[in-house]
Amino acid sequence: MKWLGSAFLAILMVTNLQAETIVSTGDLGLVVERANGSLLLVDQSERSSITRITGLGDLSHASLVYSPDQRFAYVFGRDGGLTKVDIIEKKIADRVVQSGNAIGGAISDDGTLVAVSNYEPGGVRIFDADTLDLVADIPTGSKTIGLVDAPGRRFVFTLWDEGETWIADLSSGEPKINKIKDMGRNPYDALITGDGRLYITGLFGEDGLTALDLWDPNPKPIRVLPKYGKGQQELPVYKMPHLEGWARAGREFVLPAVGHHQVLWIDGEDLSETGRTDTYGQPVFAMARPDGRQVWVNFAHPLNDTIQVIDTLTKKIVHEFKPGPAVLHMEFTPRGHEVWISVRDAGKVMIYDTRTFEKRGEIEAESPSGIFFTSRAHKTGL
Amino acid sequence: MRSLFVLLAFVCSPAFAGETSSFDDLINLVHQDCGSCHGLTLKGGLGPDIRPDALSHYDVSTLSTVVLDGIPDTAMPPWRPLMSEADAKKIAEYLLHGDLK
């Protein structure tokens, strides 16, 4: 009888142990705490934080990508640090300081390569995703922006100073580089569409955007909205917009204008303008809810306390609210029922229902900026 | 017309031009908002390094003019719509001599 009791206890302990070691990551995410060099591991379903992971260096303007198994995050810090974070073990797995001044990164479609885009020295460095060993170094002699992954083990990025886009093909090991000139003056950021076909750079030095059709073996620059600001007084730009959170709503793209209080609508097929929506301030992110029915927009300093929601059928603003001081980023749950919003100077991440616009919760965070759910692991360009 | 309206909104708002701000608010502005181009630690990003050594060729008056009026044909915007001349001078002094965090 005593023996039976011990056996029962042993089975119970094993069961408990297993329950503790199985961690599923599909509904987890990381919030960048920019000032303190830490990440907050969060649970999207519970609307709560799990733990804080520290020691990641300067995380101002930091971003991250996920491994295909949604276990590892690769975090790109402003100080040139590339940190591999294990979200199951809840700790840093590896870290290298790969440059003096970095501005984002990407992971290849097969999950084996991580690329980092650098301002100083300008260029892209590519690392083995397992070991963080340097695989390829591609100096550009220019500040490098708009780095994305493209299908076929390729990375695409753009040179701020020269206005060139480079396509680095790593499918055969050594990088083969196709340089495309005449992308426009001072491209500041870029996006790739979810199907991996179109790469679009926004231009700071002139009106408009420039697209490349990556299905074309020799892509040529395609000008998009070359005169969108014509005849209007340009406003000072206190914060460059981001295109990473590009929005595709039905057949159209929605993009932030530079130097104007507007978002621009572009036909997804022929890239012609289909409309404009006047907004509260200069947009920073214009992000589509995953179903494409709404676009949520936040704004540059000093109007960065506000969010507007645009209905994509009517292109009209259907909701406006003020989550708090310094709204920096938004991330939708994968099917779009809720949105998480980082409000830096309130020290909070706020969670809203996207249909009723009711607040569903909030999480304490120190100067939160980017929010990244693990569902990004399975999306091109994120 | 909309631009004019926006400008008026700035002028009428108590947080903007004409008012002087606390030193802490200004330091926060320098690191968070100047920092969106120049980096949170001011060592440079899309915009150049603006730590004291990198700015040593400026005096306070020239640097505060750059802050207020921007640099044409670059991404440096004029901050005059958002801040007073007194605040721009304080920021220039902080950038040139301040103990940077």
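Residues numbered from 1 in each chain as written. Chains lettered and ligands numbered in written order. Predicted model: local features only at pLDDT ≥ 70, side-chain atom pairs only at ≥ 80, totals over all residues. Heavy atoms only, no water.

Asker: Explain the overall build of chain B to me, and be specific about the residues and the numbers.
Answerer: Helix and strand content of chain B: 4 helices and 0 strands. Buried residues in chain B amount to 44% of all 101 residues. Counted over contacts in chain B with a minimum sequence separation of 6, partners at least 24 positions apart contribute 54%. (Helix = DSSP H or I, 4+ residues; strand = E, 2+ residues; numbered from the N terminus. Buried < 20%, exposed > 50% of the residue type's maximum accessible area, 1.4 Å probe, protein only. Contact = heavy atoms within 4.5 Å.)

Asker: With reference to specific residues and values, describe the packing of helix H2 (residues 23-38) of chain B against helix H4 (residues 85-97) of chain B.
Answerer: Residue and element names in this part refer to chain B. Running from amino to carboxyl end, H2 crosses H4 at an angle of 70°, the nearest separation of the two axes being 10 Å. When the axis of H2 is compared with that of H4, the two are roughly perpendicular. Considering how the two elements wind past one another, H2 and H4 form a crossing that is right-handed. Contacts from Phe23, Leu26, Ile27, Leu29, Val30 and His31 of H2 reach H4 at Asp87, Lys90, Ile91, Tyr94 and Leu95. (Axes fitted to C-alpha atoms, helices over the stretch in contact; angles between N-to-C directions. Parallel < 35°, antiparallel > 145°, perpendicular 65-115°, else oblique. Left-handed = near helix turned anticlockwise from the far one by under 90°.)

Asker: Please provide a residue-by-residue account of the pattern of salt bridges, values included.
Answerer: All names here are of chain A. Per the counting criterion, the structure on display carries 30 salt bridges over all chains. For glutamate 331, the salt bridge identified is with arginine 376, shortest N-O distance 2.8 Å. Here arginine 376 lies in the segment after strand E32 (368-373) and glutamate 331 lies in strand E28 (residues 327-332), a separation of 45 residues in the sequence. Overlapping salt bridges, with partners in common, bring together Arg47, Glu338, Asp353 and Arg360 in one network. (Salt bridge = Lys/Arg side-chain N within 4 Å of Asp/Glu carboxyl O.)

Asker: Got a sec to walk through the confidence of the model for chain B? Specific residues and values, please.
Answerer: All names here are of chain B. Summing up the model confidence of chain B, the mean pLDDT is 79 and the portion of residues at 70 or higher is 77%. Mean pLDDT across the elements of chain B ranges from a minimum in helix H1 (residues 2-12), with 39, to a maximum in helix H3 (residues 60-69), with 94. Within the model, the stretch residues 1-18 combines pLDDT values under 50 with 20 contacts to residues more than four positions away or in other chains. The ipTM value of the predicted complex is 0.74, and its pTM value is 0.88. (pLDDT = per-residue confidence, 0-100.)

Asker: So what's going on with the interface of chain A and chain B? Which residues, and what values?
Answerer: Tallying the contact residues gives 28 residues for chain A and 27 residues for chain B. Taking both sides of the interface into account, the surface hidden between chain A and chain B amounts to around 2400 Å²; carbon and sulfur atoms contribute 56%. The tally of links between chain A and chain B comes to 0 salt bridges. Counting across the chain A and chain B interface gives 7 residue pairs in polar contact (both at pLDDT 80 or more). When grouped by side-chain class, the residues that make up the side of chain A that touches chain B number 11 nonpolar, 7 polar and 10 charged. (Buried area = accessible area lost by both parts, 1.4 Å probe. Polar contact = N/O pair within 3.5 Å; in protein donor to acceptor, adjacent residues only side chain to side chain. Nonpolar A, V, L, I, M, F, W, Y, C, P; charged D, E, K, R; others polar.)

Asker: Could you give me a rundown of the packing of H3(B) against H4(B), with the residues and numbers involved?
Answerer: Residue and element names in this part refer to chain B. Two numbers describe how H3 lies on H4: the axes approach to 8 Å, and their chain directions differ by 120°. Classified by the angle their axes make, H3 and H4 are oblique. The two elements H3 and H4 meet at a crossing, and its hand is right-handed. Across from Val60, Leu63, Ser64, Val67 and Leu68 in H3, the residues of H4 making contact are Glu85, Ala88, Lys89, Ala92, Glu93, Leu95, Leu96 and His97. When grouped by side-chain class, the residues that make up the contact of H3 with H4 number 8 nonpolar, 2 polar and 3 charged.

Asker: Can you tell me about the side chain of Asp311(A), naming the residues and giving the values?
Answerer: Residue and element names in this part refer to chain A. Relative to the helices and strands, aspartate 311 is located in strand E26 (residues 307-311). Reaching out from aspartate 311, the side chain makes a polar contact with the backbone nitrogen of threonine 314 at a distance of 3.0 Å. Non-local contacts of aspartate 311, meaning those with residues more than four positions away in its chain, are made with Trp265, Arg293, Lys316 and Val318.

Asker: Tell me about the sheet that holds strand E20 (residues 247-249) of chain A, residues and numbers included.
Answerer: All names here are of chain A. Taken in spatial order, the 4 strands make up an open sheet running E20-E21-E22-E23, and their pairing is antiparallel. Because the sheet does not close on itself, it has two edges, and the strands there are E20 and strand E23 (273-278). Each strand axis lies, on average, 25° off the axis of its neighbour in the sheet, ignoring direction. The pairing of E20 with strand E21 (residues 252-256) spans 3 bridges and is antiparallel. Across the sheet, the residue bridging to alanine 249 is glutamate 252, located in E21. (Pairing = 2+ DSSP bridges.)

Asker: Describe the nonpolar core, listing the residues and the values that go with them.
Answerer: Formed by 25 residues in total, the largest nonpolar core has its most connected members in Tyr188(A), Ile200(A), Phe204(A), Val224(A), Ile266(A) and Leu271(A). Contributing elements (two or more residues each) for this core: strand E16 (187-192), strand E17 (198-203), strand E18 (209-213), E21 and strand E22 (262-267) of chain A. Contact partners of Val224(A), with chain neighbours within four places excluded, come to Gly208(A), Leu209(A), Ala211(A), Ile266(A) and Leu271(A). Ile50(B), Trp79(B), Met83(B) and Tyr94(B) belong to the second-largest nonpolar core, a separate cluster that totals 22 residues. (Core = buried A, V, L, I, M, F, W, Y, C linked by side-chain atoms within 4.5 Å.)

Asker: Residue-level account of the packing of aromatic side chains, with values.
Answerer: Applying the stated criterion across every chain, the model contains 10 aromatic pairs over all chains. For the ring pair Trp160(A) and Phe204(A), a centre distance of 6.2 Å and an interplane angle of 35° mean the geometry is tilted. With Trp160(A) in the loop between strand E13 (154-159) and strand E14 (164-169) and Phe204(A) in the loop between E17 and E18, this residue pair connects regions lying 44 residues apart in the sequence. For the pair shown, Trp160(A) and Phe204(A) are each scored as buried. A centroid spacing of 5.9 Å and a plane angle of 90° characterise the contact between Phe23(B) and Tyr94(B), whose relative ring orientation is edge-to-face. One end of the pair, Phe23(B), is in helix H2; the other, Tyr94(B), is in helix H4, and 71 residues separate them in sequence. Residue classification places Phe23(B) among the partly exposed positions, given a relative accessible area of 43%. For Tyr94(B), a relative accessible area of 5% puts it in the buried group. Among the aromatic side chains, those forming a connected cluster through ring pairs are Trp296(A), Phe321(A), Phe332(A), Tyr352(A) and Phe357(A). Over the aromatic face of Phe72(A) sits the side chain of Lys84(A), whose NZ or CZ is 4.5 Å from the ring centroid. (Phe/Tyr/Trp six-rings, centres within 6.5 Å; stacked < 30°, edge-to-face > 60°. Lys NZ or Arg CZ within 6 Å of the ring centre and 35° of its normal.)

Asker: I'd love a proper account of the sheet that holds strand E12 (residues 144-150) of chain A, names of residues and values included.
Answerer: Residue and element names in this part refer to chain A. Reading across the sheet, the 4 strands line up as E12-E13-E14-E15 and stay open at both edges, with antiparallel pairing between neighbours. Strands at the two margins of the open sheet, each flanked by one partner only, are E12 and strand E15 (176-180). Taken pair by pair, the neighbouring strands of this sheet meet at an average axis angle of 20°, ignoring direction. As paired elements, E14 and E15 share 5 bridges and run antiparallel to each other. Paired with tryptophan 166 across the strands is lysine 179, a residue of E15.

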